[in-house]
Amino acid sequence: MHTEHPDAAELAALREAFASADGTALGWTRVHAFEAQHGVVLPEPYRTFVAEIADGSAEGPPTYGLVPLAELPGDWGDGRPERVLGRPFPLTETWLWEDDEDTPEEELDEAIEPVFNNGSIVLGTDGCGMYWHLVVTGRHRGHIWLVTGEGASPFGDAFGGTTAAPGFAGWVAHWAAGKDWFDAEG
């Protein structure tokens, strides 16, 4: 997984996967402005993808489409806490807060809020409160996470549950191949 420099093979695969995409690329000026506004540098190949290939796509991934860089899915809801991309994404391993008996209930909401709002951009939704995030700040920078009302887990073959390569390119390639998100046995 390359997060600092674009990989030519990954970019070629992304261009192929989105050859019929309805989205328009942002261009580098707007990508740099977004990064400056939020105090982050987007991980590759997503950075080059939104600058040169497409800023979102109704086709997906995920089920309800890839949302543009500065937007949130339509079902995100109003009145949520401010998203702060420059604060590190807090997790490095799966956390099912629905089953968390170690964190007192009164502290749980406070502990969950940064998972939804810090250090990641929301790529889109599969509906029912299931959001795909790309981590842009923190130890898992460049990784894709599925964040739901029940918990959060990293996506990629290194984390189990899927045969997909980690990162944005692996996530898109898995979708473009028509595979189920969690297709690994075990």
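Residues numbered from 1 in each chain as written. Predicted model: local features only at pLDDT ≥ 70, side-chain atom pairs only at ≥ 80, totals over all residues. Heavy atoms only, no water.

Quick look at the pairing of strand β3 (residues 144-147)
Burial along β3 is two-sided: I144 and L146 and W145 and V147, pointing in opposite directions, are all buried. As judged from the 4 bridges shared by β3 and strand β4 (residues 152-155), these two strands associate in the antiparallel manner. Within the sheet, the bridge partner assigned to L146 lies in β4 and is S153. If you look at the hairpin formed by β3 and β4, you'll find 4 residues sitting between the two strands. (Buried < 20%, exposed > 50% of the residue type's maximum accessible area, 1.4 Å probe, protein only. Helix = DSSP H or I, 4+ residues; strand = E, 2+ residues; numbered from the N terminus. Pairing = 2+ DSSP bridges.)

Some points on empty space enclosed by the protein
Scanning the entire structure with this criterion turns up 1 cavity of 30 Å³ or more. Quantified by volume, the largest cavity comes out at close to 30 Å³. M1, H2, E10, E44, P45, G142, P166, G167, F168, A169 and G170 together form the lining of the largest cavity. Element by element, the count of residues in the lining of the largest cavity is highest for helix α5 (residues 167-176), at 4 residues. For the lining of the largest cavity, the residue count by class is 5 nonpolar, 4 polar and 2 charged. (1 Å grid on protein atoms, 1.4 Å probe; cavity = no way out; pocket = protein on both sides within 12 Å on 5 of 7 lines; lining within 4 Å. Points joined across faces, edges and corners; volume = space filled by probe spheres on them. Nonpolar A, V, L, I, M, F, W, Y, C, P; charged D, E, K, R; others polar.)

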